Amino acid sequence: MTSEPAADVAALDVPGPRDPSLLLAATAERLGRGAAAHVTSGPLRVGVDLGTATMVVVVLDAEGAPVWVDSVAAQAVRDGVVVDFHGAARAVRTLRERAGSDLGRPLPAAACAAPPGVPAADARACVHVCEAAGFDDVTLTDEVSAAQRVLGVRDGVVVDVGGGSTGVGVFRAGELVALDDRPGGGHHVDLVLAGGLGIGIEDAERLKREDPSTALPVVVPAVERVAESVRLMTLGAQDLPVHLVGGGLMLPGAAAVVGRWLDRPVHGYPHALLVTPVGIARSAP
Ligand SMILES: Nc1ncnc2c1ncn2[C@@H]1O[C@H](COP(=O)(O)OP(=O)(O)OP(=O)(O)O)[C@@H](O)[C@H]1O
Ligand SMILES: [Mg+2]
């Protein structure tokens, strides 16, 4: 796995660190630790990521620095589709109220995102969840464009492997030219690990995090399955490097497996599961 910024990173018209690794490290440092000691007096930007595995809220200050970050585990969204509206709204409201109270500021606006392939009506559901959670002004973006707002890839394929699905966006000259997503992600990795070792799903999830070097050899077929689905979704873009984000393949060595399968450079990122949430916050009004 490589963690250097890609050579073709474009200038972004958003405030905050240009180097994704610095921004992601600062975000990870804030996770679950309340408000930053220094918050600029300007407007705050709030990103809400409704994931299959976790809901994440990121608050950036006017300089683009992460000043509040937290997440809750929730089963209210499946692959971008809100399956438990009230559960989702409750989880987001909890995070919004905690953020507002820690920061001592009202948070009237937010951005949220849906995976690329989700029909417009389902994508709008995330806006309604945020409104039900108390945000008055909600902007909708797609997850791949959000990730791009952190990575600034000019020519490359952004791949977001979540818990349940894999989204891809092909960027050429900084423009999004193709967008797709398919089922398959971290949950499928857990299923293969559980089956391979004869253990339960929860034990597989724990083992994957705590002992990734034992897990990786067992889950190579699941990682290759995600890689094959990326190959099929990017048939016209074999010339472009892949930027791997999301938590689904956050195992050391998984990016290299994907690189071998696709026979092209694959950039991994530390704290890969925070890329999309930070990018959503960067999309906020
Ligand atoms: N430390 C870790 N090591 C390995 N895998 C991890 C780690 N933390 C989270 N994951 C995996 O990341 C996945 C969740 O990733 P992410 O938060 O990007 O998904 P999501 O946004 O909730 O899902 P989706 O995008 O499919 O709706 C889970 O499958 C989980 O097992
Ligand atoms: Mg996600």
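Residues numbered from 1 in each chain as written. Chains lettered and ligands numbered in written order. Predicted model: local features only at pLDDT ≥ 70, side-chain atom pairs only at ≥ 80, totals over all residues.

1. Some details on the packing of helix α5 (residues 186-197) against helix α6 (residues 201-210)
It is at 8 Å that the axes of α5 and α6 come closest, and there the two elements cross at 105 degrees. The pairing of α5 with α6 is recorded here as roughly perpendicular in orientation. Here α5 contributes V189, D190, L191, L193 and A194 to the contact with α6, which in turn contributes I201, A204, E205, L207 and K208. For the contact of α5 with α6, the class distribution of residues is seven nonpolar, no polar and three charged. (Axes fitted to C-alpha atoms, helices over the stretch in contact; angles between N-to-C directions. Helix = DSSP H or I, 4+ residues; strand = E, 2+ residues; numbered from the N terminus. Parallel < 35°, antiparallel > 145°, perpendicular 65-115°, else oblique. Contact = placed C-beta atoms within 7 Å. Nonpolar A, V, L, I, M, F, W, Y, C, P; charged D, E, K, R; others polar.)

2. Quick look at the site of ligand 1
Residues in close proximity to ligand 1 total 22 residues, the closest being G51, T52, G162, G186 and G247. If you list the elements that add at least two residues to the shell around ligand 1, you get α5 and α6. The element that contributes the greatest number of residues to the shell around ligand 1 is α6, accounting for three residues. Considering only residue class, the shell around ligand 1 consists of four nonpolar, 14 polar and four charged. In this structure, the shell around ligand 1 is formed jointly by two domains, domain 1 (20-146 + 274-282) and domain 2 (152-272), each of which donates at least three residues. (Near = placed C-beta within 6 Å. Domains from an automatic or database assignment.)

3. A look at the environment of V150
When you line up the elements, V150 lands in helix α4 (residues 143-151). Leaving out residues up to four positions away in the same chain, V150 has contacts with P20, L23, V275, V278, G279 and R282.

4. Some points on the sheet that holds strand β2 (residues 54-60)
Across the sheet, which stays open at both edges, the five strands sit in the order β3-β2-β1-β6-β7 with mixed pairing between neighbours. Each edge of the open sheet carries a strand with a single partner, namely β3 (66-73) and β7 (137-142). Ignoring which end each strand starts from, the neighbouring axes of this sheet average 20 degrees apart. Here strand β6 (residues 109-114) runs beside β7; their pairing, made up of six bridges, is parallel. Counted as the bridge partner of C112 is L140 from β7. Packed onto the sheet, helix α3 (residues 120-132) meets β1 (45-50), β6 and β7 and runs at close to 150 degrees relative to β6. Of the strands in this sheet, β6 and β7 are in contact with α4, which crosses β7 at around 90 degrees. (Pairing = 2+ DSSP bridges.)

5. Brief notes about the domain arrangement of the protein
Once the domains are mapped, the protein shows domain 1 (20-146 + 274-282) and domain 2 (152-272). The distance between the C-alpha centroids of domain 1 and domain 2 comes to 23 Å. Residue-level contacts link 21 residues of domain 1 with 22 residues of domain 2. Contributing elements (two or more residues each) for the side of domain 1 that touches domain 2: α1 (20-30), α4 and α9 (275-282). If one sorts the elements of the side of domain 1 that touches domain 2 by residue count, α1 sits on top with six residues. By residue class, the composition of the side of domain 1 that touches domain 2 is 10 nonpolar, seven polar and four charged.

6. Re the packing of α4 against α9
α9 packs onto α4 with a crossing angle of 90 degrees between their chain directions and a minimal axis gap of 7 Å. Taken together, α4 and α9 sit at an angle that is classed as roughly perpendicular. Contacts between α4 and α9 involve E143, A146, A147, Q148, R149, V150 and L151 on the former and, on the latter, V275, T276, V278, G279, I280 and R282.

7. A closer look at α1
Residues P20, L23, L24, A26 and T27 constitute the buried set of α1. Summarising the axial view, the buried residues of α1 lie within an arc of 160 degrees, below the 170-degree limit, and thus occupy one face. Residues L22 and E29 are exposed on α1 and point more than 90 degrees away from its buried face. (Buried ≥ 20, exposed ≤ 12 C-beta atoms within 10 Å, placed from the backbone. Arc of directions from axis to C-beta.)

8. Quick word on the sheet that holds strand β11 (residues 242-245)
Pairing is mixed in the open sheet, where five strands are placed in the order β10-β9-β8-β11-β12. Edge positions in the sheet fall to β10 (175-183) and β12 (266-268), since each of these pairs with one other strand and no more. For this sheet, the mean angle separating the axes of adjacent strands, direction not counted, is 20 degrees. Pairing of strand β8 (residues 156-161) with β11 involves four bridges; the strand directions are parallel. Paired with V159 across the bridge in β11 is L244. Each of β8, β9 (165-172), β10 and β11 is contacted by helix α7 (residues 212-233), which is oriented at about 40 degrees to β9, the strand it contacts most. Of the strands in this sheet, β11 and β12 touch helix α8 (residues 254-262), which is tilted by about 170 degrees from β12.

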